[in-house]
Number of protein chains: 2
Amino acid sequence: MKKYTRNSRVLLITRILSENPGKIVSLGYFSEIFGAAKSTISEDIMIVRETLEGAGEGWVETLAGASGGVRYITGVPEDKVLEFRDEIIGYLKNPERVVPGNFLYITDIMQNPSIISRAGAVIAGAFRDVKADYVITVETKGIPLAYETARYLGINLIVVRRNTRITEGTNVSINYLSGTQGLLSTMSLSKRAIKPGSSLIFIDDFMRGGGTLKGIRDLLKEFDSDLTAAGVMVDTGKQMIKSDMPFLSFAHFLGISEDGTVNIEPSDSLYL
Amino acid sequence: MKKYTRNSRVLLITRILSENPGKIVSLGYFSEIFGAAKSTISEDIMIVRETLEGAGEGWVETLAGASGGVRYITGVPEDKVLEFRDEIIGYLKNPERVVPGNFLYITDIMQNPSIISRAGAVIAGAFRDVKADYVITVETKGIPLAYETARYLGINLIVVRRNTRITEGTNVSINYLSGTQGLLSTMSLSKRAIKPGSSLIFIDDFMRGGGTLKGIRDLLKEFDSDLTAAGVMVDTGKQMIKSDMPFLSFAHFLGISEDGTVNIEPSDSLYL
């Protein structure tokens, strides 16, 4: 059997925990792959824990008992969260983002993994104590961010469709008033997607009045389920849900001035 | 300044590289956060490299010169790839996945981060030498897998829409024959999404005849760009693109028997 030094073990444990956030990895698993006693692995995990937690890079929880193991909980240091928020604001202020109709083009931001993975880590860290069985979003632009939040929390993603799909089996559909275009829209979800009695975190790219969020809550009633938190990249600072549940956004979009200036303010709802 | 031991440095370097696959991280960055000489950091990186590469967990490239740094290239050990493929086949064979119309429900698989992150790592590892500026998919089900592939490759994602959106600015649209429902469909992409002359990897959940892939290639002509590889979770083993470009799939779906058996075969196009 291959011999592992402590250096090798702690870095491979870090690698495995980083790739499996929110999941319990058993001491027995590490013990087997390294051919080392559980007491040795426990010492290794202590080093991983002290180093990651000392750097503000989340938390390493050890779980005792028969299912004894270790779980990495995502977290982002406060200074990096603020730095990230400012970076996002810098991108959003770029006047080249204004498209006809005075909309802000943010698709490239929502599809850039080095931005979205950090945003997902910030949201997962902020909502680490929120009860959640799934992360939910409505297609399409918020899917990568919702996926990252789910991955970092170690739970599954649910994507609500705008049309029913024949490959989804029986669907539940509701009508709601869509904020972006002020139109009556439909949202649809497979009957088998959510276990009844579930708690969900809603993630999207942009929130105007909160119409989509309200639609999601109505849809979730059909699954005897409800939202426990919500997070978006950008909001207008005008939605009315803040007192209702934990809500996180990175920036407020306050419109475009006549001279073409994009009015963006930092959001204060970062849950630091 | 905080003092870091070698154990702490190698595990934090592993953490940073794991969170930034495909990206160049400079030696100077590590040198600054650890308050250590570049020669010390070089020794640390040697340990990280030997351990990760020894475990089959990808490659750590060091880059000399003014932009000297280190880049982590995603890779998955061969035995884990085969184990993962067999796990996927086990999920797909479940007869409860059959929905009216003899379609296979795979939405839960495509939205499960612990499955999709591994699938993305396998695809990124297989296509590590393919020239690619972006990963491209068509909404909706393939987005998480396409996102993960892009994240592991360190490049951006492009999502083609089925309708034009007013928040995207000027759009380029084409019509194509959609395989799943045999219908004439539209795909649409913002004029500003892709730099002309780009190379792209196409990722989707399912490929039947390859109609969507052909549509994407037609759409990309409008951007003077083309595909260099393609990957899907499941195919029918019948598409005609294999000789045309590198193509990866995990399983062949061969239909549903009268007794309800889901006929799934392992795919041999895994690029091991």
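All values derive from a computational prediction rather than experimental measurement. (Residues numbered from 1 in each chain as written. Chains lettered and ligands numbered in written order. Predicted model: local features only at pLDDT ≥ 70, side-chain atom pairs only at ≥ 80, totals over all residues. Heavy atoms only, no water.)

Visitor: I'd like to hear about the environment of A:Glu96, residue by residue, with values.
Guide: Relative to the elements of secondary structure, A:Glu96 occurs in the loop between helix H4 (78-92) and strand E4 (98-99). Taking the C-alpha atoms as reference points, A:Glu96 and A:Leu27, 69 residues apart in sequence, are found 52 Å from one another. (Helix = DSSP H or I, 4+ residues; strand = E, 2+ residues; numbered from the N terminus.)

Visitor: With reference to specific residues and values, describe helix H8 (residues 211-221) of chain A.
Guide: Since the α-helix turns once every 3.6 residues, residues separated by three or four places project in the same direction. Looking at H8(A), one finds that the buried residues are A:Thr212, A:Leu213, A:Gly215, A:Ile216, A:Arg217, A:Leu219 and A:Leu220. Those residues of H8(A) hidden inside the fold are in contact with strand E6 (134-138), strand E7 (156-160), strand E8 (171-178), strand E9 (183-190), strand E10 (199-207) and strand E11 (226-235) of chain A. (Buried < 20%, exposed > 50% of the residue type's maximum accessible area, 1.4 Å probe, protein only. Contact = heavy atoms within 4.5 Å.)

Visitor: Can you explain the pairing of E11(A)? Please cite residues and give values.
Guide: Residue and element names in this part refer to chain A. When you tally the buried positions in E11, you get eight out of 10 residues, the bulk of the element. With eight bridges connecting them, E10 and E11 associate as parallel partners. Opposite Ser199, over in E11, you have Asp226 as the bridge partner. Bridging between E11 and strand E12 (residues 247-256) involves five bridges; their strand directions are parallel. Its bridge partner lying in E12, Val232 is registered against Ser249. (Pairing = 2+ DSSP bridges.)

Visitor: I'd like to hear about the pattern of salt bridges, residue by residue, with values.
Guide: Oppositely charged side chains can form a pair if their charged atoms are brought close together. All names here are of chain A. Counted under the stated rule, the structure contains 38 salt bridges over all chains. As a salt-bridge pair, Glu57 and Lys80 come within 3.0 Å of each other at their nearest N and O atoms. On the criterion of sequence distance, the pair formed by Glu57 in the loop between helix H3 (38-54) and strand E2 (59-63) and Lys80 in helix H4 is long-range, its members being 23 residues apart. The closest approach of N and O atoms between Arg151 and Glu148, which form a salt bridge, is 2.7 Å. Taken together, the residues span about one helical turn, with Arg151 and Glu148 both in helix H7 (residues 143-153) at a distance of three residues. Summarising the burial analysis for this pair, Arg151 and Glu148 share the class buried. Where salt bridges share partners, they join Arg6, Arg9, Glu43 and Asp44 into one cluster. (Salt bridge = Lys/Arg side-chain N within 4 Å of Asp/Glu carboxyl O.)

Geometric descriptors of this kind do not, in isolation, establish any biological role.
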